[in-house]
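A look at the structure
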Amino acid sequence: MNYDELLDFSKKLDRSEFIESEFRLFAHVDEALPIGFGQTISQPSLVVEMTRILNPDKKSRVLEIGTGTGYQTAFLSHFSESVYTIEIVPELASSAKERLRRMGYINITYKVGDGSTGWAEHAPFDRIMVTAAAKKVPDELIEQLAPEGRMVIPVGPPSVQMLTLVTKDKRGKISISEIEYVQFVELRGKYGWWS
Ligand code: SAH
């Protein structure tokens, strides 16, 4: 993907469209903000950074875990062929779906449930983006990653995590690299911190 196009997209995408609470006033501040249900919308600069590291292209089939408001989903939708996104809080999933449809994003398939074990029926995925803190890199997500695939996932306890890049080469060999410390809300479900 082209970094200038990514920056351009991030400037044009109005983040206030994704925030319904009183925090909408702060939409243009580069911070994570509360969106209800104990969850947050990610910090714009981190969304840009994670999208850059994921590096999707127009042929990529992308799996996203943690739809939240759909803010990160909009980036993935714009820069890839199709997005499969999973959110565990039904209310967040339905408002994100309605919002993204209204905004004209049509290459997205939505699911409510525990995304920490992926979405086997649509696998393999060229790219996987996890936007909540996992206990470890889920085995199922490694399995569902296509050859030459990339996964970006924050791994660690609720207080602080290591943003981790997992790549799979042509032959299926896995490499893991640590990018930087980040702070996300906890993942729930099988590889999360609570059910
Ligand atoms: N990227 C989102 C924010 C992510 S916050 C945005 O930009 O708005 C993390 C989200 O992951 C929350 O909405 C939370 O409910 C969801 N989540 C937590 N555990 C999950 C799981 N196991 N499966 C799917 N979604 C999960």
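Here is what the cut-offs are and how they apply
- Residues numbered from 1 in each chain as written.
- Predicted model: local features only at pLDDT ≥ 70, side-chain atom pairs only at ≥ 80, totals over all residues.
- Heavy atoms only, no water.
- Core = buried A, V, L, I, M, F, W, Y, C linked by side-chain atoms within 4.5 Å.
- Buried < 20%, exposed > 50% of the residue type's maximum accessible area, 1.4 Å probe, protein only.
- Helix = DSSP H or I, 4+ residues; strand = E, 2+ residues; numbered from the N terminus.
- Contact = heavy atoms within 4.5 Å.

Before going further, it helps to examine the nonpolar core. Judged by nonpolar contacts, the single largest core of 35 residues is most densely connected at Leu13, Phe75 and Val152. At the level of secondary structure, the elements contributing two or more residues to this core comprise helix H1 (3-12), strand S1 (33-36), helix H2 (44-54), helix H3 (71-79), helix H4 (90-102), strand S5 (108-112) and strand S8 (161-168). The leading source of residues in this core is H2, at six residues. Setting aside its immediate chain neighbours within four residues, Phe75 contacts Leu6, Phe9, Ser10, Leu13, Val47, Val48 and Thr51. Of all hydrophobic cores here, the second largest spans 19 residues; its members include Val130, Ala132, Val137 and Leu187.

Take the environment of Gly70 next. Secondary-structure assignment places Gly70 in the loop between strand S3 (61-65) and H3. The buried category is assigned to Gly70, whose relative accessible area is 0%. Sequence separation of Gly70 and Lys190 is 120 residues, and the distance between their C-alpha atoms is 22 Å. Discounting residues that sit within four places of it in the chain, Gly70 has contacts with Phe18, Ala96 and Leu100.

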